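Spelled out from the first residue to the last, the chains are:
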Amino acid sequence: MTGAEYVAEFLWQKGVREVFLITGGACAFIVDAIGRHKKLKYKCFQHEQAAAMAADASWRVNGKVGVTVVTSGPGATNLITGIACSFFDSIPTFHITGQVNQNEKLNYQGSQVRQAGFQETKIVEMVKPMTKYAVQVTSGKQLIRELPKAFEKALKPRMGPVLVDIPMDVQKENLGGKILLNLSPRQTHIVT
């Protein structure tokens, strides 16, 4: 199971049935995993802000945590208005952004340019003031820990939006066996 497949199965096991997304290079592996998942459905939007608003509406209409998947750079920053809407109204939403491979990132290369990877953007820093929780994962093990932690934080009083930023190399990482959920975030792990 890859990191991207883990994300898809995690969402299904958390009761998500539909994901609001826009395809893009940095989230392509997650989009593919959602598309191949036999039980998950997705709706493609023409703008990330609309996807974020649909995620917000999901809770308002049917009490289900709305989920978005978008790419890095402008794709991620286009979520900000919808995230702010959810934050101010205490609506739990779960946002997943793709990110460039870690070996392409600016801090990895140590250069003094605006970006090293294509559309590399520090989305976590941008949304921290308007989310309950925002994190970039750097390994499969951290992905396994952070997804349930973020999901739980979205639903804890006071509810609100969360964001998990997942680099492409983590999306492709082989995590082994099957996912085991329905445990506390500290106990969630992969069974081989």
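In case you missed it, the structure is sitting above this.
Note that this is a predicted model, so its numbers are computed, not measured. (Residues numbered from 1 in each chain as written. Predicted model: local features only at pLDDT ≥ 70, side-chain atom pairs only at ≥ 80, totals over all residues. Heavy atoms only, no water.)

Asks: What is the right way to read the pairing of strand S6 (residues 161-167) from this model?
Replies: Note on strand geometry: in a regular strand, side chains alternate between the two faces of the sheet. Counting buried positions along S6 gives 7 out of 7 residues, so the element sits mostly inside the fold. Here S6 shows no split at all, with Pro-161, Leu-163, Asp-165 and Pro-167 on one side and Val-162, Val-164 and Ile-166 on the other all buried. Two strands pair when backbone bridges link them, and strand S4 (residues 93-99) and S6 are joined in this way by 7 bridges, in the parallel orientation. Bridge assignment links His-95 to a residue of S6, and that residue is Leu-163. Pairing of strand S5 (residues 133-136) with S6 involves 4 bridges; the strand directions are parallel. Looking at S6, one finds that Gln-136 is bridged to Asp-165. (Buried < 20%, exposed > 50% of the residue type's maximum accessible area, 1.4 Å probe, protein only. Helix = DSSP H or I, 4+ residues; strand = E, 2+ residues; numbered from the N terminus. Pairing = 2+ DSSP bridges.)

Asks: Looking at this structure, how should I read the packing of aromatic side chains?
Replies: Two aromatic rings are characterised by how far apart their centres lie and by the angle between their planes. On inspection of all chains with the given rule, the structure shows 5 aromatic pairs. Aromatic side chains Phe-10 and Phe-94 sit 6.4 Å apart centroid to centroid with 35° between the ring planes, which places their arrangement in the tilted category. Of the two residues, Phe-10 is situated in helix H1 (residues 3-13) and Phe-94 in strand S4; the sequence distance between them amounts to 84 residues. Assessed through its relative accessible area of 0%, Phe-10 is described here as buried. Where Phe-87 meets Phe-88, the ring centres are 5.7 Å apart and the plane angle is 65°; that geometry is what we call edge-to-face. Each residue in the set Phe-10, Phe-94 and Phe-151 is aromatic and connected to the rest through ring pairs, giving one cluster. Residue placement shows Arg-17 over the ring face of Trp-12; its charged tip is 3.4 Å from the ring centre. (Phe/Tyr/Trp six-rings, centres within 6.5 Å; stacked < 30°, edge-to-face > 60°. Lys NZ or Arg CZ within 6 Å of the ring centre and 35° of its normal.)

Note that every value here comes from positions in space, so none of it alone points to a role or purpose.
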